[in-house]
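Geometric and topological summary
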Amino acid sequence: VQLQASGGGLVQAGGSLRLSCAASGGTFRDYTMGWFRQAPGKEREFVVAVGRSGGSTYYADSVKGRFTLSRDSAKNTVYLQMNSLKPEDTAVYYCAAGRGIILSAVRDGRQYDYWGQGTQVTVSS
């Protein structure tokens, strides 16, 4: 499975961005899809994940109410709509795909088998 992330950029605090992650080379419906981020000098952290069917979505507390993840099975793509962005959201964002991930483990990056190349999001104050 290949994952292509896009949509990052520079935005002022309070602004919005939409990230996309297009998957190819596998059966999209078989995979839990997630987004993680890593800021300079910090460990990678979980942002959001959506189950295979798209019916269940899990958010980190830090983004709940501001970020929305959607899954378009027709396009093999997930979208991360990020609103009310804060400087602390600045990071490289990575999309990931994994099979057979149980619900209690969707926040664990080690459960994901495939990773995109990352896209930079910078929020200025």
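Let us look at the structure shown here. Just so it is clear, the structure is predicted and the values come from calculations on it, not from any experiment. (Residues numbered from 1 in each chain as written. Predicted model: local features only at pLDDT ≥ 70, side-chain atom pairs only at ≥ 80, totals over all residues. Heavy atoms only, no water.)

**Considering the side chain of T77**
Considering the arrangement of structural elements, one finds T77 in strand 8 (residues 77–82). Those residues in contact with T77, other than ones at most four positions away along the chain, are S20, C21, A22, F28, S70, R71 and D72. (Helix = DSSP H or I, 4+ residues; strand = E, 2+ residues; numbered from the N terminus. Contact = heavy atoms within 4.5 Å.)

**A closer look at the pairing of strand 4 (residues 32–38)**
Consecutive residues of a regular strand have side chains that alternate between opposite faces of the sheet. Here strand 4 lies mainly inside the structure; 6 of its 7 residues are buried. Of the strand pairs in this sheet, strand 4 and strand 9 (residues 91–98) are connected by 7 bridges, and their pairing is antiparallel. Considered in strand 9, the bridge of G34 is made with A96. Counting the residues between successive antiparallel strands, the hairpin from strand 4 to strand 5 (residues 45–50) contains 6 residues, one of them, G41, with a positive phi of roughly 80 degrees. (Buried < 20%, exposed > 50% of the residue type's maximum accessible area, 1.4 Å probe, protein only. Pairing = 2+ DSSP bridges.)

**Structural notes on the sheet that holds strand 1 (residues 2–6)**
Where strands meet in a sheet, backbone hydrogen bonds hold them as pairs that are either parallel or antiparallel. Across the sheet, 4 strands lie side by side as 1-3-8-7; this open sheet has antiparallel pairing. At either end of the open sheet lies a strand with only one pairing partner, and these are strand 1 and strand 7 (67–72). Neighbour-to-neighbour, the strand axes of the sheet open up by a mean angle of 15 degrees, direction not taken into account. In this structure, strand 3 (residues 17–24) lies alongside strand 8, joined through 6 bridges in antiparallel fashion. Each bridged residue has a counterpart across the sheet, and for L17 the counterpart in strand 8 is M82. (Axes fitted to C-alpha atoms, helices over the stretch in contact; angles between N-to-C directions.)

**Points about the pattern of salt bridges**
Enumeration over the complete set of coordinates arrives at 5 salt bridges. Two residues, R37 and E45, come together in a salt bridge whose shortest N-O distance is 2.5 Å. The partner of D108 in a salt bridge is R110, and the shortest N-O contact between them spans 3.0 Å. The class of R110 is exposed, set by a relative accessible area of 71%. Each of R37, E45, R66 and D89 takes part in salt bridges that share partners, so that together they form one network. (Salt bridge = Lys/Arg side-chain N within 4 Å of Asp/Glu carboxyl O.)

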